[in-house]
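So you can see what is in the structure, the chains are spelled out below.
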Amino acid sequence: MLLSNPFVTDARVYQEALSLTKAGHRVTVLAFDKHPEKGLKEKEKVNGIRVVRFSPSICHRGLNQILLKAKNVPLLKKMHGAHDLIVMREMWKDMARRGMKGNFHAVHCHDLDTLPAGVMLKDKLDIPLVYDSHEIFPWMLSGWLPSWIVKRFSSMEKRMAPLADSIITVTPIHEHYFKKLKCKNVVIVTNCKRVPTERYLPSPCEPPYKLLYIGNLRSGRMILDAMKVCSRLEEWHIQIGGYGHLEEAIAGYSGNGVEYIGAIKPEEVLHRTLNCDLVLALYDPSNPNNRVGPSNKLFEAMACGRPCVVATGTYASSVVEKEQCGYSINYSSEALATLLKQLAANPQQMGLKGKNALICAKEKYNWEIQETRLTRLYETLKREVGR
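For every chain, the first residue of its written sequence is number 1, and the numbers climb from 1 along that sequence. Where totals are concerned, whole chains, interfaces and linings use all residues; where local detail is concerned, this predicted model gives features only for residues with pLDDT of at least 70, and gives and counts side-chain atom pairs only at 80 or more. For side-chain calculations, the full set of non-hydrogen atoms in the structure is used, while hydrogens and water are omitted.

Novice: Go over the sheet that holds strand β9 (residues 209–216) with me, naming the residues and quoting the values.
Specialist: What makes two strands pair is DSSP finding at least two bridges between them. Each helix is a run of H or I in the DSSP string that is no shorter than four residues. Each strand is a run of E no shorter than two, and both are numbered from the N terminus. Overall, parallel pairing links the six strands, which are arranged β11-β10-β9-β12-β13-β14 in an open sheet. The open sheet terminates on both sides in strands that have one partner only, identified here as β11 (258–260) and β14 (326–329). Averaged over all pairs of adjacent strands, the angle between their axes in this sheet comes to 25°, without regard to strand direction. Working rule for contacts: check all heavy atoms of both residues, and any pair within 4.5 Å makes them a contact. The angle between two axes is taken between their N-to-C directions and runs from 0 to 180 degrees, where each axis is a line fitted to C-alpha atoms and a helix contributes only its stretch in contact. In this fold helix α12 (residues 296–304) packs onto β9, β12 (278–281) and β13 (308–311), with an angle of close to 165° to the strand it touches most, β12.

As structure tokens, this is what we get:
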């Protein structure tokens, strides 16, 4: 598996790798670690999954730090986007070089930013290529990076995605997107979770009530706003875990009612979720990718029998409204504050929504169903390689 992050908090990748390992496959994750100064192991085994981390060169790391500190300067902001592409090219070459040394029978690329390396390995090693698209990548970049970079990624996907032997993606909307690109063998594997408990376990449900977010710490997820809201409400406490560019701002926040718990291993997320009252899953609906993409937070909350709060106009809101398993609100700090005050006045609501969430998870939104689709795909690839 090829991955553009250090394989610390990526729950989807961990879940898929673990399922394939349990099915008898040998899984190696080549993970790109942009911040080796954090001291992650270069090589380790995680529940049978072999993890190999590698980093950009020292000069690229140094330049990246300079550009990050000057990110509000327009010219340097443009340079940062160009520098990201240069680092990415280095990553692709390094991934391909390392992949050439392994005795691999297939290459599994997680998201578009690893696909060029996967295409290189498919050509060089004559092995099947699986492109696992967690989101519609160019849509995700929209509004975040310069338009010329977004267009470049869009062009790259149109050219390279049809070269994959199989496409894994997350919803019927994504499936339609890839079929329009003339991709073959598109399989839906949604980010559902394995349900950790057969019966409903009530949340603590006593003040201060606990709002939880564990995931990628980046803008467009109402994280910083939620911190400010909770610091003003005595009845609420927010716990935040994860890894990303907002990490420094979150760790340095001094407001009351806010706790930063650092990067959390994927296998610990559900335990943390069981100990909260409400899960934060507010994604900015102005980003087209958020409007159509499922959220890990939604399915983590469901699996644990906890309600979540999502943004109106997103895929998650359609699920929450249909299944009555959470709260759909406008994407604003005012709407979040209003909801939290209402729930503090009537906390029993959260228990009712949580029970609905667990029922849905057990009946249809669970990893066992998705795991079957994933392992069937690999059994098909195995038969084809053996011909």
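Don't stop here, the text continues.
Novice: So, the pairing of strand β7 (residues 166–169): which residues are in play, and what are the values?
Specialist: Side chains on a regular strand alternate between the two faces of the sheet. The two faces of β7 match: Ser-166 and Ile-168 on one face and Ile-167 and Thr-169 on the other face are all buried. Pairing of strand β6 (residues 129–132) with β7 involves three bridges; the strand directions are parallel. Residue pairing for β7: Tyr-131 is matched across the bridge by Ile-167. Each parallel crossover has a hand, and for β7 linked through helix α7 (residues 172–180) to strand β8 (residues 186–188) it is right-handed. Three labels apply to residues, based on accessible area from a 1.4 Å probe with only protein chains included: buried if under 20% of the type maximum, exposed if over 50%, partly exposed otherwise in between. Convention used here: a crossover is right-handed provided that the path from the first strand, over the helix, to the second strand proceeds clockwise when the strands point away from the viewer.

Novice: So what's going on with the pairing of strand β4 (residues 49–54)? Which residues, and what values?
Specialist: Burial of β4 is extensive: five of the six residues sit out of reach of the surface. Hairpin connection between strand β3 (residues 43–46) and β4: a loop of two residues separates the two successive antiparallel strands, and Asn-47 in this loop has a positive phi of roughly 50°.

Novice: If you had to explain the pattern of salt bridges to someone new, which residues and values would you point to?
Specialist: Any two side chains of opposite charge can pair, given that their charged atoms come close. In what follows, salt bridge is the name for a side-chain nitrogen of Lys or Arg lying within 4 Å of a carboxyl oxygen of Asp or Glu. Counted by the stated rule, this structure contains 13 salt bridges. The salt bridge involving Asp-94 is made with Arg-97; its shortest N-O contact spans 2.5 Å. Here Arg-97 and Asp-94 lie together in helix α3 (residues 74–101), a separation of three residues that amounts to about one turn. Note that Lys-364 is salt-bridged to Glu-323, the shortest N-O span being 2.8 Å. A residue pair is termed long-range when its members are at least 10 positions apart, and Lys-364 in the loop between α15 (348–363) and α16 (367–386) and Glu-323 in helix α13 (residues 315–323) qualify at 41 residues. Assessed through its relative accessible area of 13%, Glu-323 is described here as buried. Look at the salt bridges and you will find they share partners, linking Arg-12, Glu-16 and Asp-132 into a network.

Novice: Tell me about the nonpolar core, residues and numbers included.
Specialist: Here is a general trend for soluble globular proteins: nonpolar side chains tend to be buried in one another's company. Grouped together as the largest cluster of nonpolar side chains are 57 residues, with contacts concentrated most on Trp-236 and Met-302. Sorting elements by how many residues they give to this core places helix α14 (residues 333–345) first, with seven residues. Look past the residues within four positions of Trp-236 in its chain and what remains in contact with it is Pro-208, Tyr-209, Lys-210, Leu-211, Cys-230, Gly-257, Leu-278, Leu-340, Leu-343, Ala-344 and Met-350. By convention a nonpolar core is built from buried Ala, Val, Leu, Ile, Met, Phe, Trp, Tyr and Cys residues, the set being connected through side-chain atoms within 4.5 Å. Counting 39 residues, the second largest nonpolar core, distinct from the first, contains Leu-30, Phe-153, Met-156 and Ala-164.

Novice: Explain a positive patch on the surface to me, using residue names and the numbers behind them.
Specialist: A cluster of basic residues, Lys-43, Lys-45, Arg-50 and Lys-101, forms a positive patch on the protein surface. Structurally, Arg-50 can be placed in strand β4. Residues enter patches when they are more than 30% accessible in relative terms and free of salt bridges; like-charged ones are connected within 9 Å and nonpolar ones (Val, Leu, Ile, Met, Phe, Trp, Tyr) within 5 Å. Per-residue accessibility takes into account occlusion by the displayed protein chains alone, with areas from the Shrake-Rupley method and a 1.4 Å probe. The charge count treats Lys and Arg as positive and Asp and Glu as negative. His and the chain ends do not count. We put the charge of a Lys on NZ, of an Arg on CZ, of an Asp on CG and of a Glu on CD.

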